[in-house]
Amino acid sequence: MLDHDSRLPEAALTAPQSVVALVDAASPVERELVGHWLAEGGITQEFGTAAPVTQLDLDPAAVTDRLVGRSDDPLVVPVRVLWLPPERDGVRRTTFSDLLTLSNPRKPHRLMQRRLLSKAPDRHLVLTGAPARLSELRANNPGTAGVPDAFGRAIVRAGIVALERAERAVIGDRYKVPRLVVEEILDSPEFLRRLDAIADESGAPAREVYRRAEKGLRELVAAQSRLVSDLFTQAMRPVHASTWKVDSDESGLDRLRTLNRRYPLVFLPSHRSYVDAFVLGDILARNDFPPNHVVGGANLKFWPIGPIARRTGTVFIRRSFGDDEVYKAVVEEYFAYLLAKRFNLEWYFEGGRTRTGKLRPPRYGLLNYLAAALRSKRIDDVMLVPVSITYERLNEIGAIADEQTGGRKQAEGLAWLARYVRNQQHSAGHVYVRFGTPLSARDRLAVHGDPLTAHPNPAPDQVLELEHRAVQRLAFEVAVGINDVTPVTVNALTTLVLLGVHERALTRHELRAAIAPVLGYVEKRGLPGGELATLRDDHGLAVVLEQLAVAKVVTVYRGGLEPVYAIQAGAHLEAAFYRNSAVHWFVNRAILELAILTAVEAPEGDQLRVGWEAAYRLRDLLKFEFFFPERAEFTSQLTAEMLLVDPEWHRRTAAGTVGSEILARLAESGFMMAHRVLRSFFDAQLVVAERLAARDPLLPVDRKTFIDECLHVGKQMLLQQRLHSPESVSSELFGSALKLADNHGLLTVSEDPADLAARRVRFAGELRAIGGRISRAATLDPSNRAETL
């Protein structure tokens, strides 16, 4: 009943004078089995003690009445009968066929128990949990001193936890589930003191605050069930198993399994699809990881998914709870409880599925709760695991693209679920699941480390501010960790090239020729990839294109001399989604190209300085779209990019001059990236900038109304060919551009309206100039030159 690695706790090694067997039996059959086992000397055989044994029900009232007040120091041993499903292919797991018996194989009814004793004696065993002396239990629960009922409940919880651990040693860690969570939290003296403080501050009656806390806990706590977990996994596996071939990182799983023996894990995956949690959960279950407590949005709480998901570990948190201090305390306490008990967590820190294919900016709320648990010393450390989940094709991106152009998001419900499952019945290639380098939360959120050297005794508000900044840096590290293991897929490269040839179709030969130098770049940098060799082969490329055509992302014309391929009309946002899954790998190259084009416009002696200033400015303009490192590391990364283009770069620039020959070097590399990678983002920024420049500087900006205006005007600019591609007309991109404008002080009405208006005009002019350089970069790309046809 203690969390020790040894079978018998140290204090229990001395011979006990007596033993109390806490029997957890739900039927006469189970009582008989335990009684027979005890009579046959089970305790003696298990623990090597011949002390007399007393049986006692594992029940709070019985324990309080007959054990709590004892003056001696018996050895307390929890005992129960474990029932097992039948073995199939070496695995004992409940299946839907087991339900035909109208009984849960792990909890068979009484008649079935009798039958199993005679027909399948291998389906049960008598199980004991790790024992503890009564004195040890008192020492481990100091908050219950003088409160017999609370101590009795604590003993029962300890017994159940010990039995659960013993069960997992038999059935596997994938069945690790928490028990009596609400009861244990409500018995916590620290939590009760916090509720009392809330009652005092708010003036609400303490009883009312307790009632609200219990209601919040019962709404929040996931009531996991092994039966439901088994069946739900079987039911949902076909949704993704028949659609994608799962490619997971086995070495990463081995590393995580070792870490999980010491620390709880928090999995932080990228979020591209509703099936992300099922794909990751299935991989972890197959590798005998305990189930994650998955934090989910209330939009998926509908029947029957909601009730089932709660029983498989989903934690539904209210989307907003404003100033409800009781609910905040409940959420923080529940998170700390799960982590302190070393249950693994999982949440999607972007706050929702990506609408563009690349990572969204992180949300910090749940990381703040994790930081609070560390600050309060409830937990020693937690390992955060960046997880990349990347699909070669997704059947739901049509709906995602529609939302970006002003369409309404379909409400989740039973009919929606049926349509969603039906749409997953077509093969969609691979789904790649990769695990980034785990991050120690303690190391990165230690606000009493270096940041506070100038303030050895910081005030509480200083601690919270520094902690908030540490959380932001940690979220950034997680995002970078995800990007670092995200593979470049065949569809990402194919759409990257097709989106870069404006309104043109390419033959397979032309497409393969355009892809080849990019493949060489990927290989030279050693970037992670998936099945990329397929694109070098004509047949393999044909298969990729046909699959994109089936997905209605690519259109094929076969009426001429040979088939030609282009992005299908109206599918640019879908194509951009695939491209953007890998776009972060090419951003620095694209920035380098634009910096060089800016530099060669400058006087000869200023070119190098102007080029670096342009690169830093581009980094600033794109900071709400991509995750850039600190300036020094960014400089190092850009220098490495330059050396890939021109190994003689340092010698050529020793005099401070870039030289026009560098443009030839770019062209000789066989590809340009600026127009393929950055054009849509800068076009969206231009729409926002021009609408701000045309706006009365005295008028406040309403975000929703303004983005709607940008969508309408963006469509007009697209028709006028002032924008390059429909992928620029996106509410997600306009939202990021608006954040950028706000960051540059272009939204808030100032005391000098004329100055604000002038700065808005200059901003729009700067973006038009960048757009001109992007167009020039496109003319340098071999795939955009007529002589290549």
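Quick caveat: nothing in here was measured; it's all calculated off a predicted structure.

Chemist: Got a minute to help me understand the pairing of strand β14 (residues 430–435) in this structure?
Modeler: Moving residue by residue along a regular strand, the side chains alternate between the two faces of the sheet. Counting buried positions along β14 gives six out of six residues, so the element sits mostly inside the fold. Of the two faces of β14, the one carrying His430, Tyr432 and Arg434 and the one carrying Val431, Val433 and Phe435 are both buried. Judged from the four bridges that link them, strand β8 (residues 245–248) and β14 form a sheet pairing that is parallel. Looking at the pairing, aspartate 247 lines up with tyrosine 432 of β14. As defined by bridge partners, strand β13 (residues 383–391) adjoins β14 across five bridges and the pair is classed as antiparallel.

Chemist: It is not clear to me how the sheet that holds strand β19 (residues 554–557) should be interpreted in this structure. Could you clarify?
Modeler: One key point about sheets: their strands pair by backbone hydrogen bonds, in either a parallel or an antiparallel sense. Overall, antiparallel pairing links the three strands, which are arranged β17-β20-β19 in an open sheet. The open sheet has two edge strands with one neighbour each: β17 (506–507) and β19. Direction of pairing for β17 relative to strand β20 (residues 564–567): antiparallel, over a ladder of two bridges. Bridging across to β20, threonine 507 finds its partner in valine 564. Packed onto the sheet, helix α20 (residues 490–499) meets β17, β19 and β20 and runs at close to 85° relative to β20.

Chemist: Could you clarify how one ought to interpret the pairing of strand β9 (residues 265–269) in this entry?
Modeler: Counting buried positions over the five residues of β9 gives five, a clear majority of the element. The side-chain alternation of β9 yields two buried faces, one formed by Leu265, Phe267 and Pro269 and the other by Val266 and Leu268.

Chemist: What should I look at first to understand the environment of glutamate 690 in this one?
Modeler: Looking at where glutamate 690 falls in the secondary structure, it is placed in helix α30 (residues 679–693). For glutamate 690, a relative accessible area of 14% corresponds to the buried category. As for glutamate 690 and glycine 765, which are separated by 75 residues in sequence, their C-alpha atoms are 8.8 Å apart. When near neighbours in sequence (up to four residues on either side) are disregarded, glutamate 690 contacts Met717, Arg722, Ala764 and Arg768.

Chemist: I keep staring at the pattern of salt bridges and nothing clicks. Help me out?
Modeler: Two side chains with opposite charge may pair up if their charged atoms get near one another. On inspection of all chains with the given rule, the structure shows 50 salt bridges. A salt bridge links arginine 378 to glutamate 333, with the nearest nitrogen and oxygen atoms 3.1 Å apart. Placement of the pair is arginine 378 in the loop between α15 (365–375) and β13 and glutamate 333 in helix α14 (residues 325–340), with a sequence separation of 45 residues. For arginine 378, a relative accessible area of 34% translates into the label partly exposed. Residue class for glutamate 333 comes out buried when judged on its relative accessible area of 8%. Arginine 525 is the salt-bridge partner of glutamate 641, the closest N and O atoms lying 3.2 Å from each other. Taken together, the positions of glutamate 641 in helix α26 (residues 631–645) and arginine 525 in helix α21 (residues 508–525) put the pair 116 residues apart, joining distant regions of the chain. The buried category is assigned to glutamate 641, whose relative accessible area is 3%.

Chemist: Would you explain the environment of glycine 765 in this entry?
Modeler: Topologically, glycine 765 is positioned in helix α33 (residues 753–780). By relative accessible area, glycine 765 is classed as partly exposed at 30%. Remark: the alpha-carbon pair of glycine 765 and alanine 689, spanning 76 residues in sequence, is separated by 8.7 Å.

Chemist: Looking at this model, I keep getting lost on helix α12 (residues 276–286). Mind explaining?
Modeler: An α-helical turn contains 3.6 residues, so any two residues separated by three or four positions project in the same direction. All of the buried residues along α12 are Asp276, Val279, Leu280, Asp282, Ile283, Leu284 and Ala285. Phi for aspartate 288, located one or two positions after α12, is positive at around 60°.

Chemist: Where do I start with helix α6 (residues 148–171) in this structure?
Modeler: For α6, built from 24 residues, the straight-helix expectation of 34 Å at 1.5 Å per residue is met to within 8% by its first-to-last C-alpha distance of 34 Å. The buried count for α6 comes to 17 of 24 residues, which makes it a mostly enclosed element.

Chemist: For this particular structure, what's the right way to read a positive patch on the surface?
Modeler: A cluster of basic residues, Arg319, Arg363, Arg703 and Lys739, forms a positive patch on the protein surface. With respect to the element layout, arginine 703 can be found in helix α31 (residues 703–719). Arginine 703 sits in the partly exposed class, given a relative accessible area of 43%.

Chemist: Explain the side chain of arginine 272 here, please?
Modeler: By the element assignment, arginine 272 lies in the loop between β9 and α12. Buried charge arginine 272 goes without a salt bridge, the closest partner of opposite sign being glutamate 350 at 6.8 Å. Only 3.4 Å separates the side chain of arginine 272 from the side chain of serine 270, close enough to count as a polar contact. At a separation of 2.9 Å, a polar atom in the side chain of arginine 272 contacts the main-chain carbonyl oxygen of isoleucine 389. With sequence-adjacent residues up to four places away left out, arginine 272 is seen in contact with Arg353, Thr354, Gly357, Ile389, Thr390, Tyr391, Leu394, Glu396, Ile400, Thr486, Phe577 and Ser581.

Chemist: What is the right way to read unusual backbone geometry from this model?
Modeler: The phi torsion of most residues other than glycine is negative, and most of the peptide bonds are trans. Backbone geometry at arginine 342 places phi at a positive 60°, although glycine is not the residue there. With respect to the secondary-structure elements, arginine 342 resides in the loop between α14 and β12 (345–346). The phi dihedral of glutamine 721 is positive, around 60°, even though this residue is not glycine. According to the relative accessible area criterion, glutamine 721 is exposed, its value standing at 61%.

Chemist: Would you mind going over the packing of helix α1 (residues 28–39) against helix α4 (residues 110–119) with me for this structure?
Modeler: When two helices pack together, their arrangement is given by the angle between the helix axes and by the axis-to-axis distance. With their axes 9 Å apart at the nearest point, α1 and α4 run at an angle of 40° to one another. The pairing of α1 with α4 is recorded here as oblique in orientation. Mapping the contact onto sequence places Pro28, Val29, Glu30, Glu32 and Leu33 in α1 and Arg110, Gln113, Arg114 and Leu117 in α4. In the contact of α1 with α4, the residues fall into four nonpolar, one polar and four charged.

Chemist: Where do I start with the packing of aromatic side chains in this structure?
Modeler: Aromatic rings in a pair are described by how distant their centres are and how their planes are angled relative to each other. Evaluated as defined, the whole model comprises 13 aromatic pairs. Taking the centre distance of 5.5 Å and the plane angle of 65° together, the rings of tyrosine 521 and phenylalanine 671 count as edge-to-face. On the criterion of sequence distance, the pair formed by tyrosine 521 in helix α21 and phenylalanine 671 in the loop between α28 (661–668) and α29 (674–677) is long-range, its members being 150 residues apart. Tyrosine 521 gets classed as buried once you look at its relative accessible area, which sits at 6%. Taking the centre distance of 6.2 Å and the plane angle of 55° together, the rings of tyrosine 616 and phenylalanine 634 count as tilted. Of this pair, tyrosine 616 sits in helix α25 (residues 607–621) while phenylalanine 634 sits in helix α26, placing them 18 residues apart in sequence. When its relative accessible area of 0% is taken as the criterion, phenylalanine 634 is described as buried. Here the aromatic residues Trp612, Tyr616, Phe626, Phe628, Phe634 and Phe681 are joined through ring pairs into a cluster of three or more.

Definitions and cut-offs
- Residues numbered from 1 in each chain as written.
- Predicted model: local features only at pLDDT ≥ 70, side-chain atom pairs only at ≥ 80, totals over all residues.
- Heavy atoms only, no water.
- Buried < 20%, exposed > 50% of the residue type's maximum accessible area, 1.4 Å probe, protein only.
- Helix = DSSP H or I, 4+ residues; strand = E, 2+ residues; numbered from the N terminus.
- Pairing = 2+ DSSP bridges.
- Contact = heavy atoms within 4.5 Å.
- Axes fitted to C-alpha atoms, helices over the stretch in contact; angles between N-to-C directions.
- Salt bridge = Lys/Arg side-chain N within 4 Å of Asp/Glu carboxyl O.
- Expected span 1.5 Å × (residues − 1).
- Patch = residues over 30% accessible without salt bridge, like charges linked within 9 Å, V, L, I, M, F, W, Y side chains within 5 Å.
- Areas by Shrake-Rupley, 256 points an atom, 1.4 Å probe, with all protein chains shown as cover.
- Lys, Arg positive; Asp, Glu negative; His and termini not counted.
- Charge placed at Lys NZ, Arg CZ, Asp CG, Glu CD.
- Polar contact = N/O pair within 3.5 Å; in protein donor to acceptor, adjacent residues only side chain to side chain.
- Parallel < 35°, antiparallel > 145°, perpendicular 65-115°, else oblique.
- Nonpolar A, V, L, I, M, F, W, Y, C, P; charged D, E, K, R; others polar.
- Phe/Tyr/Trp six-rings, centres within 6.5 Å; stacked < 30°, edge-to-face > 60°.

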